[in-house]
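# Fold and contact review
Read off the chains here:
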Amino acid sequence: MIIEATGLKGLKSDLAHLDEVTTKLGFVRWQWEYTRATYDFKMEDKASKAVYFLRVNARVETGKLESPYAVLYLEEAYIGKETFPHGLDYNSPIPENVLKISKQKLDQLQQLLAD
């Protein structure tokens, strides 16, 4: 599920600052290659015992990803339900409490990147 109207799409940051801000908020940079990175935030819904991941993609505008000075721009934010053994289902319904946490994290990320 793509989360619309986050205000993040198109924001730019150097890799060092983006890594610092996302780590502060509890995101982990899992997938990466020289021109793209994915930041994940894990959430557990205690009622259903399901695990969800909020994911934000970033692409390199200038430089290469291993350089802390590389400039990245953010793309869409989306959320998926964890499936066994290592997948995400982006079409599953997302509980309201998980969506609320996701939107709070995205708002915090936007504010920290704007500073």
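Rules behind the numbers
- Along every chain, residues carry numbers that run from 1 in the direction the sequence is written.
- In keeping with the predicted nature of the model, local features appear solely for residues at pLDDT of at least 70, side-chain atom pairs appear and are counted solely at 80 or more, and the whole-chain, interface and lining totals rest on all residues.
- To get the side-chain values, all heavy atoms of the structure are used, and hydrogens and water are removed first.
- Secondary structure counts use DSSP, requiring at least four H or I residues in a row for a helix and at least two E residues in a row for a strand, with both numbered from the N terminus.
- Contacts were defined at the residue level, with two residues in contact if any of their heavy atoms lie within 4.5 Å.
- In short, Shrake-Rupley with a 1.4 Å probe defines the accessible areas, and a residue's cover is counted only from the protein chains shown.
- Put plainly, a pocket is an open set of points on a 1 Å grid over the protein atoms alone with protein on both sides within 12 Å along at least five of seven lines, a cavity is a set where a 1.4 Å probe fits but cannot get out, and a lining residue has an atom within 4 Å of a point.
- Grid points are joined across faces, edges and corners, and a volume is the space filled by probe spheres set on the points.
- In this classification, Asp, Glu, Lys and Arg are treated as charged, Ala, Val, Leu, Ile, Met, Phe, Trp, Tyr, Cys and Pro as nonpolar, and every other residue, Gly included, as polar.

## Things to note about the overall build of the protein
Along its length, the protein carries two helices and seven strands. Secondary structure of the protein in N-to-C order comes out as β-β-α-β-β-β-β-β-α. For the protein, the spread of C-alpha atoms along the three principal axes comes to 40 × 30 × 20 Å. Here the analysis covers contacts within the protein between residues at least 6 apart in sequence; of these, 56% occur between residues at least 24 apart. When the accessible area of the protein is evaluated, it comes to approximately 7,000 Å², of which 52% is carbon and sulfur surface.

## Examining the layout of surface pockets
Approximately 240 Å³ is the volume attributed to the largest pocket. What lines the largest pocket is Trp30, Gln31, Asp40, Phe53, Arg55, Glu82, Thr83, Pro85, His86, Gly87, Leu88 and Tyr90. Among the elements of the structure, β3 (28–32), β5 (50–62), β6 (71–83) and β7 (87–89) are those that each provide at least two residues to the lining of the largest pocket. Here the lining of the largest pocket is built from residues that sort into five nonpolar, four polar and three charged.

## Things to note about the side chain of Thr22
If you trace the backbone, Thr22 turns up in helix α1 (residues 15–24). Look past the residues within four positions of Thr22 in its chain and what remains in contact with it is Phe27, Tyr39 and Leu109.

## A few points about the environment of Leu113
Its location among the elements puts Leu113 in helix α2 (residues 96–114). Along the backbone, Leu113 and Lys12 are 101 residues apart, and their C-alpha atoms lie at a distance of 8.1 Å. Discounting chain neighbours no more than four positions away, the residues touching Leu113 are Leu8, Leu11, Ser13, His17, Leu18, Val21 and Leu74.

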